[in-house]
Amino acid sequence: MPTAPIDAVARAAAYIRSRQSPSGGFCFYRYASVDEPSLGDTYYAVAALRLFGVEVPNAGKTADFVADARTFGLTYLYFSAFTLDHLGLASRISEETLAGIRNLPVTVPHTADSADASGWLESLRKTVRLQQRFTSISPDRAVFIADLMSRGGSSTRTNLWDTYLALSIGALLRLRPSAETAAFVDSLQQPPIGFLMTPQSVMSSLDVAYAGVRCCEILGTPVRHAQEVVDLTLGCQTANGGFAHAPMALPNLEFTYRALRILA
């Protein structure tokens, strides 16, 4: 298995540090006259640095920025709580945030072939992960979610991204992946780009590589074309050290996190 290129990681870390605001937050499009840090960019910046044990500069200010930010719904709760957790400051998660996490609903999904299947899976993944980490998830709720997954609401074996989300939820609930799902993921491991999003697709991107590597991680199966995946990932690194969705595209902190997670 190829190891993470040290130079690529160092350049990415420098890019991330350059996106930090004086407030401690981060903004991927930050320039001399533009400074609009957000919870999302701050989460991805902190998570990316901590993947390789890199210290977050001005971590106290970062924690202050996150703790003082207002949260509006699931995604903001996720970014806020897990950023403080990555900083080793989960004790600073407010009671209001914890109450919001505790009261998160679980909705019944649309049909498996719905255009919103990915959104439902992502929301469920965030909800389960938040409640398991910071509050609690009742046995009844865990059984209910497992039943939803088993009845096909997960949209697995439709595309690699939804399969990754479904496998992530299953792993949180300690559900055994099916042999069919493992076979589907393996069938999408194809040279020369490493992974395909669907059996019919011919294009790849950082998201496809990320989903494929995460699926293999959860399934405990090897990445069969690891060098191709690394080459594709490094091809998405830009001159300033950040990573983009695809070669020649614009970088941001979310894609930089995903690239570093692939290399890690």
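Going by the structure above, here's the rest.
Conventions adopted
- Residues numbered from 1 in each chain as written.
- Predicted model: local features only at pLDDT ≥ 70, side-chain atom pairs only at ≥ 80, totals over all residues.
- Heavy atoms only, no water.
- Phe/Tyr/Trp six-rings, centres within 6.5 Å; stacked < 30°, edge-to-face > 60°.
- Buried < 20%, exposed > 50% of the residue type's maximum accessible area, 1.4 Å probe, protein only.
- Helix = DSSP H or I, 4+ residues; strand = E, 2+ residues; numbered from the N terminus.
- Lys NZ or Arg CZ within 6 Å of the ring centre and 35° of its normal.
- Salt bridge = Lys/Arg side-chain N within 4 Å of Asp/Glu carboxyl O.
- Core = buried A, V, L, I, M, F, W, Y, C linked by side-chain atoms within 4.5 Å.
- Contact = heavy atoms within 4.5 Å.
- Axes fitted to C-alpha atoms, helices over the stretch in contact; angles between N-to-C directions.
- Parallel < 35°, antiparallel > 145°, perpendicular 65-115°, else oblique.
- Left-handed = near helix turned anticlockwise from the far one by under 90°.

Novice: Describe the packing of aromatic side chains, naming the residues involved and giving the relevant values.
Specialist: Scanning the model with the defined rule gives 13 aromatic pairs in all. Ring geometry for Y43 versus Y44: centroids 5.0 Å apart, planes at 70°, classification edge-to-face. The class for Y44 is buried, based on a relative accessible area of 14%. Seen from their ring centres, Y44 and Y257 are 5.9 Å apart, and the 45° between their planes marks the pair as tilted. With a gap of 213 residues between them, Y44 in helix α2 (residues 39-51) and Y257 in helix α12 (residues 253-263) connect regions that are remote in the sequence. According to the relative accessible area criterion, Y257 is buried, its value standing at 9%. A connected cluster of aromatic rings, assembled from ring pairs, spans Y43, Y44, Y78, F79, F82, F134 and Y257. The ring of F82 has R129 sitting right over it, with the charged end atom 4.1 Å from the ring centre.

Novice: I'd love a proper account of the pattern of salt bridges, names of residues and values included.
Specialist: Tallied over the full model, the rule gives eleven salt bridges. Between E122 and K126 there is a salt bridge, and its shortest N-O distance comes to 2.6 Å. Highlighted residues: E122 and K126, both in helix α6 (residues 117-134), separated by four residues, approximately one helical turn. The exposure classification of E122 matches that of K126, with both residues buried. A salt bridge links R224 to D186; the nearest nitrogen and oxygen atoms lie 3.0 Å apart. Placement of the pair is R224 in the loop between α10 (206-219) and α11 (226-235) and D186 in helix α9 (residues 179-187), with a sequence separation of 38 residues. Classification of D186 as partly exposed rests on a relative accessible area of 34%. Overlapping salt bridges bring together E122, R125 and K126 as one network.

Novice: Could you give me a rundown of the nonpolar core, with the residues and numbers involved?
Specialist: Counting residues in each nonpolar core, the largest one holds 77 residues, and the members touching the most others are I16, L130 and I145. Not counting residues up to four positions away in its chain, the partners in contact with I16 are F26, A45, A48, L49, L253, T256 and L260.

Novice: Now, about the packing of helix α1 (residues 6-18) against α12: what can you tell me, with residues and values included?
Specialist: It is at 11 Å that the axes of α1 and α12 come closest, and there the two elements cross at 155°. Looking at the two axes, α1 sits roughly antiparallel to α12. The handedness of the crossing between α1 and α12 is left-handed. Along the contact surface, α1 presents V9, A12, Y15 and I16, while α12 presents L253, T256 and L260.

Novice: Which residues make up unusual backbone geometry, and what values do they have?
Specialist: Peptide bonds are mostly trans, and most non-glycine residues show a negative phi. That bond from P191 to P192 is cis: its omega, 5°, falls within 30 degrees of zero. With phi around 55°, N58 is a residue other than glycine that occupies positive phi space. We classify N58 as partly exposed; its relative accessible area is 48%. Even without being a glycine, R174 presents a positive backbone phi close to 60°.

Novice: Lay out the environment of R50 with the relevant residues and their values.
Specialist: Here R50 is to be found in helix α2. Separated by 207 residues in the primary sequence, R50 and Y257 have C-alpha atoms spaced 10.0 Å apart. With near-sequence residues (within four places) excluded, R50 lies in contact with E55, V56 and H86.

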